[in-house]
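Spelled out, the chains give:
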Number of protein chains: 2
Amino acid sequence: MNAEIISVGTELLLGAVVNTDAALVARALSGLGINLLHTCVVGDNPKRLKEAIETGLSRSGLLVMTGGLGPTTDDLTKETAAAAAGKKLCLHQPSLERIQSYFNEKQVSINQEKQAWLPEGCHVLQNDNGTAPGCAFQAENGSTILMLPGPPSELEPMLLHYAVPYLKQRQEFTIVSHNVRIYGRGEAPVAQMMDDLMNGENPTLAPYANEGECYLRVTAKAHSQQEADALCQPLIQEIKNRLGGFVYGVDVDSLEALVVQLLAGQGKTLATAESCTGGLLSKRLTDVAGSSQVFHMGVVTYANQAKEQLLGVPRQVLEAHGAVSPETARAMAQGIVRASGSHLGIGITGIAGPQGGTAEKPVGLIYIALSDGKDTWVVKRSPIGRTKSRDWHRHCAASQALDMVRRYLTGLPVVAE
Amino acid sequence: MNAEIISVGTELLLGAVVNTDAALVARALSGLGINLLHTCVVGDNPKRLKEAIETGLSRSGLLVMTGGLGPTTDDLTKETAAAAAGKKLCLHQPSLERIQSYFNEKQVSINQEKQAWLPEGCHVLQNDNGTAPGCAFQAENGSTILMLPGPPSELEPMLLHYAVPYLKQRQEFTIVSHNVRIYGRGEAPVAQMMDDLMNGENPTLAPYANEGECYLRVTAKAHSQQEADALCQPLIQEIKNRLGGFVYGVDVDSLEALVVQLLAGQGKTLATAESCTGGLLSKRLTDVAGSSQVFHMGVVTYANQAKEQLLGVPRQVLEAHGAVSPETARAMAQGIVRASGSHLGIGITGIAGPQGGTAEKPVGLIYIALSDGKDTWVVKRSPIGRTKSRDWHRHCAASQALDMVRRYLTGLPVVAE
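Let us look at the structure shown here. Bear in mind the structure is a predicted one, so any value in this text is a computation, not a measurement.

Conventions and cut-offs
- Within each chain, residues carry numbers counting from 1 in the order of the written sequence.
- Ligands are numbered from 1 and chains lettered from A, in the order in which they are written.
- It should be noted that, the model being predicted, local features are given only for residues of pLDDT at least 70 and side-chain atom pairs only at 80 or more, the latter also being counted only at that level, while totals for whole chains, interfaces and linings use all residues.
- Values reported for side chains reflect all heavy atoms of the structure, with hydrogen atoms and water molecules removed beforehand.
- The working definition used for a salt bridge is a side-chain nitrogen of Lys or Arg within 4 Å of a carboxyl oxygen of Asp or Glu.
- Runs of H or I in DSSP of at least four residues are treated as helices and runs of E of at least two as strands, each being numbered from the N terminus.
- Only the stretch in contact is used when a helix axis is fitted, and all axes are lines through C-alpha atoms; the angle between N-to-C directions ranges over 0 to 180 degrees.
- These descriptions rest on fixed angle ranges, namely under 35 degrees for roughly parallel, over 145 for roughly antiparallel, 65 to 115 for roughly perpendicular, and the rest for oblique.
- Left-handed describes a crossing whose near helix is turned anticlockwise from the far helix by less than a right angle; the clockwise case is right-handed.
- What makes two residues a contact is simply this: any of their non-hydrogen atoms within 4.5 Å.
- Polar here means any residue outside two lists: the nonpolar Ala, Val, Leu, Ile, Met, Phe, Trp, Tyr, Cys and Pro, and the charged Asp, Glu, Lys and Arg; Gly therefore counts as polar.
- We call two strands paired when DSSP finds no fewer than two bridges between them.
- Exposure categories follow from relative accessible area, calculated using a 1.4 Å probe and restricted to protein chains: below 20% of the type maximum is buried, above 50% is exposed, and the middle band is partly exposed.
- Buried area is calculated as the accessible area (1.4 Å probe) missing from two parts once they are joined, with the contributions of both summed.

1. Brief notes about the pattern of salt bridges
Scanning the model with the defined rule gives 28 salt bridges over all chains in all. For Arg98 of chain B, the salt bridge is made with Asp128 of chain B, and the minimal N-O distance between the two is 3.4 Å. Of this pair, Arg98 of chain B sits in helix 5 (residues 93–102) while Asp128 of chain B sits in the loop between strand 6 (123–125) and strand 7 (134–138), placing them 30 residues apart in sequence. Each of Asp196, Glu238 and Arg242 of chain A takes part in salt bridges that share partners, so that together they form one network.

Written out as structure tokens, the structure is:
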């Protein structure tokens, strides 16, 4: 079955709100193995909404509509969809009672009552977090129209608890997707390496770039979850064989989540000493709930004096090689291991830009060091090609540091070739 | 002129990615006074993409396409749009050279070179943050097609620096918008206070919520920039009169940008001592280019031992009141002023969640202290209403700290009523 999402709301067309509803619905449909082929947004305009519904009914077996179910006069989704599908609206008494009890009143305004008028014969989806119920019904042409409220705090639970189970019981196939996450090789070379695997139909393989990393998505369709999963596994193995240690995980949330998990599993701790990344690395580590077990201390030593004082970076190193040098990165990593008593220490120093670059030390030149108190490794990141943003340099330097820790903890060479 | 956005990418239909591109473009169009009537998403499928472009050309004077400009074989936007608009693709030599220099190579792969093939006679939009250029060109029916790369880190700067100016010079009217930024009062109460100002037609006034802050956008339309600007000013003044010190700036980038600017202007320095925010505050300060002048040192003291060792928080304070207490926040702020020699110090300690809360100290309880070495102020943030995420609590605590510094430096009471 092919599906389509129509999101209704002028606020989406003004860019005041990001359409997270569509992503939530898309993910749910993808999980059900329902092919989503189109999504569109229309404003609170009856004529354009009617056109969008008619187009949708003509090409899609399932039309999911989000938004426009509320009490105000510009909430038109139900009225317009019912008319396009050849249905009348009827008062749904249990929904009216829910709205009354939501407001703790026997009588609600005519605007509020409007929300309980639903297409005749529809399957009602209860709203546990607001007033407007959702519903699903069959149009005259056989297509299904599913309507969900716009606020994500109402849509998401209704989708998960009522709409997905409703759709699931009508499904024949299951779809399973796995993301193979890669650090150290870009999307283009990865795609090239996988070129001969990219034309499969079941499983399918697609490459995606993602903020200095990339990942490959493997997707299969079958009658059961296990069967679909079994179809994915050989392809995932083949990708791992080709990419080796550049694959850092399958279905892991992020490099930082993986690093925290590896550290916790090995009972090890990590401390950070950051200059140009300014706390981004410690922020990313502590984004992970439970990171307090493995991360006790970080310092942001922006000034040279702070590098000397907190990390014991020798003044002669700073004077002879400069703050942005492999020697300083090394001394920072070693210094934070000493200062914190952690098993591992990271030192990052560089020029994130946009100012501060010279011919010899350009914007984007960043040194990242990892020390375990005995050995210390340094990676140099040089700017290549086009000017990148400050955010980009900082993000990539933090990712590089996390990848060095990941490689260390999994027994790979810390510095990739 | 009516506009339409077509976002291209199967990842959007799988819900793997939220379509922030569409919101960024929608906001930019709204700022230009261009009516956006439709947005849609199609996958990397030539047939459906062609249909979407044909529908778009038939009803919209401006078609903005996002995504699908990259090097891989499933990047089809340019090829399909050019064909639908009756244009050939030609090699754009300067773009090829940019791609070559991006990779620091004279020869790039055929996949990479593909990105430099653009519709004949198009206006090229340079990509300062990646390889795929954007472009704008006229279709045979007179409609304009504008193409932007999918990754938001490439799309956003290209949109702001090249696409908006290109569209602007083709507009008859000039639209001027000013954002009045507010900290310490929510969207709903602000909207209520401004209720009588909200029905104006030129200038218009609209409230927006934004990650624990809110802002009011004042927009006017006129034949010249000056004229439009003059229409905005009295309304901005009236908003300032009503909100007083809760307005932190007009058209400033962020609280952190303002704080860095205020510190630099007064020749003062700030140091940070963070627990639950894990480096987010120092990360946000150092997001601002040039922050090294005013920010020399930060520490992330996640463990109690680190609080004692780096900040001299007395063990008896930690034992008597706990790590999450006004006393500890105060000692952290005072400790970092001592350790760093900076003029001002921030201490943050709290429970960001999702675990670690108790009935007495629930998730979301965070203390933020500001010290100038002489006086110290503490603000307590308590969780209210619906459960919020770890990210939310951390972000709001960092913002609160920045606002305390802002209030201190502008002579307002540090702790707002």
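2. Overview of the packing of helix 11 (residues 280–287) of chain B against helix 15 (residues 390–409) of chain B
All names here are of chain B. Following both chains from N to C, one finds helix 11 and helix 15 inclined at 60°, their axes separated by 9 Å at the closest point. Judged on the interaxial angle alone, helix 15 and helix 11 are oblique. In this structure, the crossing between helix 11 and helix 15 has a hand that is right-handed. Listed contacts from helix 15 to Leu280, Leu281, Arg284 and Leu285 of helix 11 are Arg394, His395, Ala398, Ser399, Ala401 and Leu402. Taken together, the residues that form the contact of helix 11 with helix 15 break down as six nonpolar, two polar and two charged.

3. Re the sheet that holds strand 10 (residues 204–210) of chain B
Residues and elements named next belong to chain B. Strand order in the open sheet formed by four strands is 10-11-9-12, with antiparallel pairing between adjacent strands. Of all the strands in the sheet, the pair left with one neighbour each is strand 10 and strand 12 (247–250). Strand-to-strand twist across the sheet, computed as the mean angle between neighbouring axes with direction ignored, equals 25°. Pairing between strand 10 and strand 11 (residues 213–222): seven bridges, direction antiparallel. The partner of Pro207 across the bridge, within strand 11, is Leu216.

4. Some thoughts on the side chain of Lys283 of chain A
Examined against the element boundaries, Lys283 of chain A turns out to sit in helix 11 (residues 280–287). Overall, Lys283 of chain A belongs to the buried group, its relative accessible area being 19%. If we skip the residues at most four places from it in the chain, Lys283 of chain A touches Gly278, Gly279, Leu280 and Arg394 of chain B.

5. Section: the sheet that holds strand 13 (residues 270–274) of chain B
In space, the 10 strands of this open sheet follow the order 17(A)-16(A)-15(A)-13(A)-14(A)-14(B)-13(B)-15(B)-16(B)-17(B), with mixed pairing throughout. Looking at which strands have only one partner, the edges of the open sheet turn out to be strand 17 (376–381) of chain A together with strand 17 (376–381) of chain B. Neighbour-to-neighbour, the strand axes of this sheet turn through a mean angle of 10°, independent of strand direction. Pairing of strand 13 (residues 270–274) of chain A with strand 14 (residues 295–301) of chain A involves four bridges; the strand directions are parallel. By the bridge assignment, Glu274 of chain A is partnered in strand 14 of chain A with Val300 of chain A. Across the sheet, helix 12 (residues 304–311) of chain B touches strand 14 of chain A together with strand 13, strand 14 (295–301) and strand 15 (344–350) of chain B, and the angle it forms with strand 14 of chain B is around 150°.

6. Topic: the pairing of strand 8 (residues 144–148) of chain B
Residues and elements named next belong to chain B. Along strand 8, five of the five residues are buried, which leaves the element largely enclosed by surrounding structure. Both strand 3 (residues 62–66) and strand 8 contribute to a ladder of five bridges, which runs parallel. Within strand 8, the residue paired with Thr66 across the bridge is Leu148. Across four bridges, strand 7 lies against strand 8 in antiparallel orientation. Note that in strand 8 the partner of Phe137 across the bridge is Ile145. Here strand 7 folds back onto strand 8, and the loop between the two strands holds five residues, one of which, Gly142, carries a positive phi near 95°.

7. A short note on the interface of chain B and chain A
At the interface, 71 residues of chain B touch 68 residues of chain A. Buried area between chain B and chain A, summed over both chains or domains, comes out near 5,500 Å², and the portion from carbon and sulfur atoms is 54%. At the junction of chain B with chain A, the criterion picks out two salt bridges. Across the pair Asp287 of chain B and Arg394 of chain A runs a salt bridge, and its minimum N-O distance is 2.7 Å.

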